[in-house]
Amino acid sequence: MAEPLRFAVLISGRGSNLLALATAAAAGRIAGQIVLVISDQPQAGGLDHARRFGIPTAVRPLARGSDRAAWSRELDALLRAHGVELIVLAGFMRILDPDFVGRWPGRILNIHPSLLPRHRGLHTHRRVLEAGDPVHGCTVHFVSPELDAGPAVIQGRFAVQPDATEESLTARVQQLEHIIYPRAVGWFAGGRLTLVDSVVQLDGRPLPAPVIEDSA
Ligand code: GRF
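The paragraphs below set out a description of the structure included in this document. Quick caveat: nothing in here was measured; it's all calculated off a predicted structure.

Below, the discussion takes up the overall build of the protein chain. Broken down by element type, the protein chain carries six helices and eleven strands. In terms of overall size, the protein chain behaves like a compact globule, its C-alpha atoms giving a radius of gyration of 17 Å where 216 residues would be expected to give roughly 17 Å. Across its three principal directions, the C-alpha atoms of the protein chain cover 50 × 45 × 35 Å. Across the 216 residues of the protein chain, 46% fall into the buried class. For the protein chain, the share of sequence-separated contacts (at least 6 apart) that also reach a separation of at least 24 residues comes to 64%. Put simply, the protein chain shows about 10,500 Å² of open surface, and 53% of that area lies on carbon and sulfur atoms.

Okay, here's the thing in structure tokens:
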């Protein structure tokens, strides 16, 4: 049997996706192990989840006006020192510079709270309501140098109800995130998910469009 995938999770906040991933790995639903959690925020709630699971943590703040390239190089060295094979961004609120991304081809995943390519960037739930979108959801994608623009792997999708609020959309999206992110990381860990020449492959076949998880 192949060795379990060594992956790192990068967070900035409460870490509910980290918790879902750690739970899935502990239950054997991901053939892998979180070997490091990095936060850029010393107070991130997700650090407590990591500690409860006995996962090593590191805090690497990026101070305003400091050298972003040096910070990225340090992150890179830390990840490599832990033998990390996959980087999983889970609410990490820092943009990774193109050099960093280029050093991890096909080895960085992100989750975004919208149906990409719709609503890149912040405040996605508010923008969905303002635009009157009939559907909303979340996307797991490979990270490319351009923000929220890498090839999509899987999307969780649901119909926006007429009485939806930012709060209700946040809750629905997060519920779906906790399903699709462990699934995608599980595929990667099982050797089923790869990125070849910027094309997502699942089970050795190009994925023409993301897998859709529809929710009532
Ligand atoms: C998620 O909604 C994710 O889509 C976005 O940041 C949020 C992180 O939430 N990138 P959590 O820290 O995992 O609870």
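Residues in close proximity to the ligand include Arg-14, Gly-15, Ser-16, Asn-17, Gly-91, Ile-111, His-112, Pro-113, Gln-174 and Glu-177, which together make up its full environment. Residue Pro-113 places a main-chain N or O atom 3.5 Å away from an oxygen atom belonging to the ligand. With respect to the ligand, the side chain of Glu-177 contributes an N or O atom lying 2.4 Å from an oxygen atom. In isolation the ligand has 370 Å² of accessible area, and contact with the protein removes 83% of it. The cavity that encloses the ligand is the largest pocket. Every element with two or more residues in the shell around the ligand is listed here: helix H1 (16-26), strand E5 (108-112) and helix H6 (166-189). Tallied by class, the residues present in the shell around the ligand amount to two nonpolar, six polar and two charged.

In this section: the pattern of salt bridges. Enumeration according to the criterion identifies eleven salt bridges in this entry. Residues Asp-133 and Arg-118 are paired through a salt bridge, measuring 2.8 Å at the closest nitrogen-oxygen approach. With Asp-133 in the loop between helix H5 (124-131) and strand E6 (135-142) and Arg-118 in the loop between E5 and H5, the pair connects residues that are 15 residues apart, well separated along the chain. Asp-133 sits in the buried class, given a relative accessible area of 8%. Relative accessible area serves as the criterion here: at 43%, Arg-118 is assigned to the partly exposed category.

This part covers the packing of H1 against H6. Running from N to C, H1 and H6 point in directions that differ by 45 degrees, and their axes come no closer than 9 Å. Comparing the axis directions of H1 and H6 gives the class oblique. Where H1 crosses over H6, the handedness of that crossing is right-handed. Of H6, the residues touching H1 (which contributes Ser-16, Asn-17, Ala-20, Leu-21 and Ala-24) are Gln-174, Glu-177, His-178, Tyr-181, Pro-182 and Val-185. Among the residues making up the contact of H1 with H6, the classes are represented as six nonpolar, four polar and one charged.

A word on the layout of surface pockets. Approximately 930 Å³ is the volume attributed to the largest pocket. Looking at the lining of the largest pocket, the elements that each hand over two or more residues are H1, E5, H5 and H6. At six residues, H6 tops the list of elements feeding residues into the lining of the largest pocket. Taken together, the residues of the lining of the largest pocket break down into 14 nonpolar, 16 polar and eight charged.

Read from one edge to the other, the open sheet built from three strands follows the order E8-E9-E10, with strand pairing classed as antiparallel. The open sheet terminates on both sides in strands that have one partner only, identified here as strand E8 (193-196) and strand E10 (205-206). Pairing analysis gives four bridges linking E8 to strand E9 (residues 199-202), with the strands arranged antiparallel. Each bridged residue has a counterpart across the sheet, and for Leu-195 the counterpart in E9 is Val-200.

Turning our eyes to something else, we now look at the packing of H5 against H6. Angle between the axes and distance between the axes are the two parameters that describe a pair of packed helices. Close contact between H5 and H6 brings their axes to 9 Å; oriented N to C, the two are set at 120 degrees. The orientation of H5 with respect to H6, classified from their angle, is oblique. For the crossing formed where H5 meets H6, the hand is right-handed. Residue-level contacts link His-125, Arg-126, Val-128 and Leu-129 of H5 to Glu-166, Leu-169, Thr-170 and Val-173 of H6. The class makeup of the residues in the contact of H5 with H6 is four nonpolar, two polar and two charged.

Cut-offs used in this document
The residue numbers shown here count from 1 along each chain, following its written sequence. Per-residue local features of the predicted model are confined to residues with pLDDT of at least 70, and side-chain atom pairs are confined, for both listing and counting, to 80 or more; whole-chain, interface and lining totals are unaffected and use all residues. With hydrogens and water stripped out, all remaining heavy atoms of the structure feed into the side-chain values. Strands here mean DSSP runs of E at least two residues long; helices mean DSSP runs of H or I at least four residues long; both are numbered from the N terminus. Computation of the radius of gyration draws on C-alpha atoms, with the globule rule given as 2.2 Å multiplied by the number of residues to the power 0.38. Working definition: with a 1.4 Å probe on protein chains only, accessible area under 20% of the residue-type maximum means buried, over 50% means exposed, and in between means partly exposed. Contact between two residues is taken to exist if any of their heavy atoms lie within 4.5 Å; hydrogens are not considered. We get accessible surface area from the Shrake-Rupley algorithm with a probe of 1.4 Å; when it comes to residues, only the shown protein chains can shield them. Consider each residue's heavy atoms; a residue with any of them within 4 Å of a molecule or strand counts as near. Any pair of nitrogen or oxygen atoms within 3.5 Å is treated as a polar contact; in protein, a donor-acceptor pairing is required on top of that, and neighbouring residues in sequence qualify only through side-chain atoms on both sides. Every definition here rests on a 1 Å grid over the protein atoms only: cavities are sets of points where a 1.4 Å probe fits but cannot get out, pockets are open sets enclosed by protein on both sides within 12 Å along at least five of seven lines, and lining residues have some atom within 4 Å of a point. Here the criterion for a molecule occupying a pocket or cavity is that more than half of its atoms lie within 2 Å of the pocket grid points. Only Asp, Glu, Lys and Arg are considered charged, only Ala, Val, Leu, Ile, Met, Phe, Trp, Tyr, Cys and Pro nonpolar, and every remaining residue, Gly among them, polar. By salt bridge we mean one thing: a side-chain nitrogen of Lys or Arg within 4 Å of a carboxyl oxygen of Asp or Glu. Axis definition: a line fitted to C-alpha atoms, limited for helices to the stretch in contact. Angles are taken between N-to-C directions and run from 0 to 180 degrees. Reported orientations rely on four angle classes, namely roughly parallel under 35 degrees, roughly antiparallel over 145, roughly perpendicular from 65 to 115, and oblique for the rest. Helix crossings get a hand from a simple test, with the near helix turned counterclockwise from the far one by less than a right angle marking a left-handed crossing and a clockwise turn marking a right-handed one. Grid points are joined across faces, edges and corners, and a volume is the space filled by probe spheres set on the points. Pairing between two strands is assigned when DSSP locates at least 2 bridges connecting them.

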